[in-house]
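Secondary and tertiary structure notes
Each chain, letter by letter, is given below.
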Amino acid sequence: MKKYHDLHSHSYYSGCGRDDPRVMIEAAIAGGITHFGISDHNYGVGDRKAEYIAELSTLREEYKDRISLLIGIEISTLPGKTPPEGERYSELDYCLIEETDCDNTVVTDIVEYGSRFDCPAGIAHTDLFGYCEKKGLDPLTFFKRMAEAGMFWEMNVSYDSIHHYREHEYVKEFMRNEEQQRIIRESGVRVTVGFDGHRVEDYLPERVKAMNDFLREM
Ligand SMILES: [Zn+2]
Ligand SMILES: [Zn+2]
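Here's what I pulled together on the structure shown here. (Residues numbered from 1 in each chain as written. Chains lettered and ligands numbered in written order. Predicted model: local features only at pLDDT ≥ 70, side-chain atom pairs only at ≥ 80, totals over all residues. Heavy atoms only, no water.)

Side note on the coordination of the zinc ion (ligand 1)
Formally: Ligating atoms shown are N, O and S within 2.8 Å of the metal, or 3.2 Å for Na, K and Ca, and water is not included, meaning a site may look less than complete. Strands here mean DSSP runs of E at least two residues long; helices mean DSSP runs of H or I at least four residues long; both are numbered from the N terminus. Think of it in three bands: with a 1.4 Å probe and only protein chains considered, a residue is buried below 20% of the maximum accessible area for its type, exposed above 50%, and partly exposed in between.
Note on the zinc ion (ligand 1): its protein donors are Glu74 (OE), Glu98 (OE) and His125 (NE2). The metal-donor distances range over 2.1 to 2.2 Å. We note that the donor set of the zinc ion (ligand 1) lies within a single chain, spaced as E-x23-E-x26-H. A gap of 3.3 Å separates the zinc ion (ligand 1) and the zinc ion (ligand 2), which Glu74 links by coordinating each metal. With a gap of 27 residues between them, Glu98 in strand β4 (residues 94–98) and His125 in the loop between β5 (121–123) and α5 (128–135) connect regions that are remote in the sequence. Considered together, Glu98 and His125 belong to a single accessibility category, that of buried residues.

Structure follows, in structure tokens:
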């Protein structure tokens with residue numbers, strides 16, 4: 001059986017989400033996803049981190065013969081929304097870091113910031129080639145640094161009501177730009193797929209699987 005992962009989704013632990021994690025897991029299984037990550041916002045989980053991990057750990061055990069559930073969190077890097085300094089994430093499987101390309105982000109060096117976390121860290125829904133260009137960074141060197149730090153880059157394939165059915169331009173560009181693909185291959189950085197679901201009825205596992213297949217092929 002082919003493996004298909006989706007490492008980005010939101011449950012009722014995110015203010016912008018609504019779904020019971022169980023319903024989301026069932027939708028992922030029905031859609032043929034084999035590795036499914038729930039990644040609620042850090043400021044949505046707030047002081048309920050222990051409860052969040054406990055609830056998802058119970059579900060991971062319950063569903064282990066049908067799907068691999070990964071427990072993630074999405075970290076905001078905007079002032080006032082970032083987690084407290086020194087917050088620990090070692091019980092989580094990974095974190096997604098967002099808003100690193102915003103003008104008011106607290107992040108000055110993406111790789112240095114990602115290296116602070118005690119779980120694997122990835123960069124969510126960000127045009128990192130555009131970021132390199134804006135910052136005057138050589139993309140190959142930048143992605144090699146990410147790879148050395150064990151970081152990953154997300155191809156965000158969301159297409160839902162919450163995001164007004166917009167598609168990420170950086171993902172479309174990456175799919176047609178062979179030079180970008182060559183740089184990513186050469187750098188050794190890992191690339192992941194996330195639908196960024198907020199409403200289970202909007203979920204499109206075929207989009208997730210198509211991107212998994214594209215990356216596997218690449
Ligand atoms: Zn996000
Ligand atoms: Zn998200």
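There is more to say, and it comes next.
With respect to the coordination of the zinc ion (ligand 2)
In plain terms, the rule: Square planar and octahedral sites, with four and six donors, are those where opposite donors lie more than 155 degrees apart and all other angles lie between 65 and 115, tetrahedral sites have four donors with every angle between 85 and 135 degrees, and the rest are irregular.
Protein ligation of the zinc ion (ligand 2) involves His8 (NE2), His10 (NE2), Glu74 (OE) and Asp196 (OD), the donor distances falling in the range 2.0 to 2.3 Å. For the zinc ion (ligand 2), the four donor atoms are set out with angles of 75 to 164 degrees between them, so the coordination reads as irregular. Donor residues binding the zinc ion (ligand 2) come from one chain and are separated in sequence as H-x1-H-x63-E-x121-D. By relative accessible area, His8 is classed as buried at 0%. The class of Glu74 is buried, set by a relative accessible area of 1%.

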